[in-house]
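# Report on the structure
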Amino acid sequence: QVQLVESGGGLVQAGGSLRLSCAASGRTFTFSTYGMGWFRQAPGKEREFVAAISRSGGNTYYADSVKGRFTISRDNDKNTVYLQMNSLPPEDTAVYYCAAKRVAWNIIVVVANEYQYWGQGTQVTVSS
């Protein structure tokens, strides 16, 4: 079993920045064998893909809506994945979730239902 705990959410003004963290833990858990992703869900909307990173951190992929503004990264020594969010508009307001999927290769996973583990989410609110 893998536990994921997000942190770093909060209230920020439009144009501001936030850095989300997702700490992973578990018995017999090797973080570097998991592809990681960030998703978000705004009120009244479906959960959507935001960004994903391969298990080594060498490959990343972003939704078009956040490309150029968000950066996903990971520290395999700290069992943590990050999401740096810059130039935030109010439309980025949502609950942000991190997700983990054990992978055999250094691949990117972008489909939500392929992920095995999910965090509880952290609220990001961008005020206008």
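Only a predicted model underlies this, so the values are computations on that prediction, with no experimental measurement involved.

Taken as a whole and assessed by the stated rule, the structure comprises eight aromatic pairs. Ring centres of Phe39 and Trp118 lie 5.0 Å apart, and the angle between their planes is 55°; this geometry places the pair in the tilted category. Within this pair, whereas Phe39 is found in strand E4 (residues 34-41), its partner Trp118 is found in strand E10 (residues 117-118), the two being separated by 79 residues in sequence. Take Phe39: its relative accessible area is 2%, and that puts it in the buried class. Seen in terms of ring centroids, Tyr115 and Trp118 are 6.1 Å apart; in terms of plane orientation they differ by 65°. Their pairing is edge-to-face. You can call Trp118 partly exposed: its relative accessible area is 27%. Each member of the aromatic cluster is reached from another via a ring pair, and the members are Phe39, Phe49, Tyr61, Tyr115 and Trp118. Above the face of the Tyr97 ring, Arg47 is positioned so that its terminal group lies 4.0 Å from the ring centre. Positioned above the aromatic ring of Phe31 is the side chain of Arg74, whose terminal nitrogen or guanidinium carbon lies 4.3 Å from the ring centre.

So, about unusual backbone geometry. Glycine aside, the phi torsion of most residues is negative, and most peptide linkages are trans. Even without being a glycine, Thr28 presents a positive backbone phi close to 50°. Mapped onto the secondary structure, Thr28 falls in the loop between strand E3 (18-25) and E4. One non-glycine residue with positive phi stands out, namely Ser87, at about 50°. Within the secondary structure, Ser87 sits in the loop between strand E8 (80-85) and strand E9 (94-102). In this structure Ser87 comes out as partly exposed when scored by relative accessible area, which is 45%.

Next up on the list: the nonpolar core. Ranked by internal contacts, the top residues of the largest apolar core, which has 38 residues, are Leu4, Met36, Trp38, Leu83, Met85 and Tyr96. Sequence-distant contacts of Met85, defined by excluding residues within four places in its chain, comprise Gly16, Ser17, Leu18, Leu20, Arg69, Phe70, Tyr96 and Val124.

Along any regular strand the residues' side chains alternate between the sheet's two faces. Counted residue by residue, strand E5 (residues 48-53) has five buried out of six residues, so it is predominantly covered. Relative to E5, E4 runs antiparallel, the two being bridged by five bridges. When the sheet's bridge partners are listed, Gly37 is paired in E5 with Ala52. Connecting E4 to the next strand, E5, in antiparallel fashion are six residues, including Gly44 with a positive phi near 80°. Bridge count between E5 and strand E6 (residues 60-62): three bridges; the pairing is antiparallel. Residue Ile53 lies in a different strand from E6, and its bridge partner there is Thr60. The antiparallel pairing of E5 with E6 creates a hairpin that spans six residues between the two strands, and Gly57 there sits at a positive phi of about 90°.

As summarised here, the arrangement of the four strands in space is E1-E3-E8-E7, forming an open sheet in which the pairing is antiparallel. At either margin of the open sheet sits one strand with a lone partner, and together these are strand E1 (3-7) and strand E7 (70-75). Across this sheet, the average inter-strand angle for adjacent strands is 15°, counted without regard to direction. Here E3 pairs with E8 via six bridges, running antiparallel. Directly across from Arg19, in E8, lies its bridge partner Gln84.

Conventions used here
- Residues numbered from 1 in each chain as written.
- Predicted model: local features only at pLDDT ≥ 70, side-chain atom pairs only at ≥ 80, totals over all residues.
- Heavy atoms only, no water.
- Phe/Tyr/Trp six-rings, centres within 6.5 Å; stacked < 30°, edge-to-face > 60°.
- Helix = DSSP H or I, 4+ residues; strand = E, 2+ residues; numbered from the N terminus.
- Buried < 20%, exposed > 50% of the residue type's maximum accessible area, 1.4 Å probe, protein only.
- Lys NZ or Arg CZ within 6 Å of the ring centre and 35° of its normal.
- Core = buried A, V, L, I, M, F, W, Y, C linked by side-chain atoms within 4.5 Å.
- Contact = heavy atoms within 4.5 Å.
- Pairing = 2+ DSSP bridges.
- Axes fitted to C-alpha atoms, helices over the stretch in contact; angles between N-to-C directions.

Read these as geometric descriptors, not functional statements.
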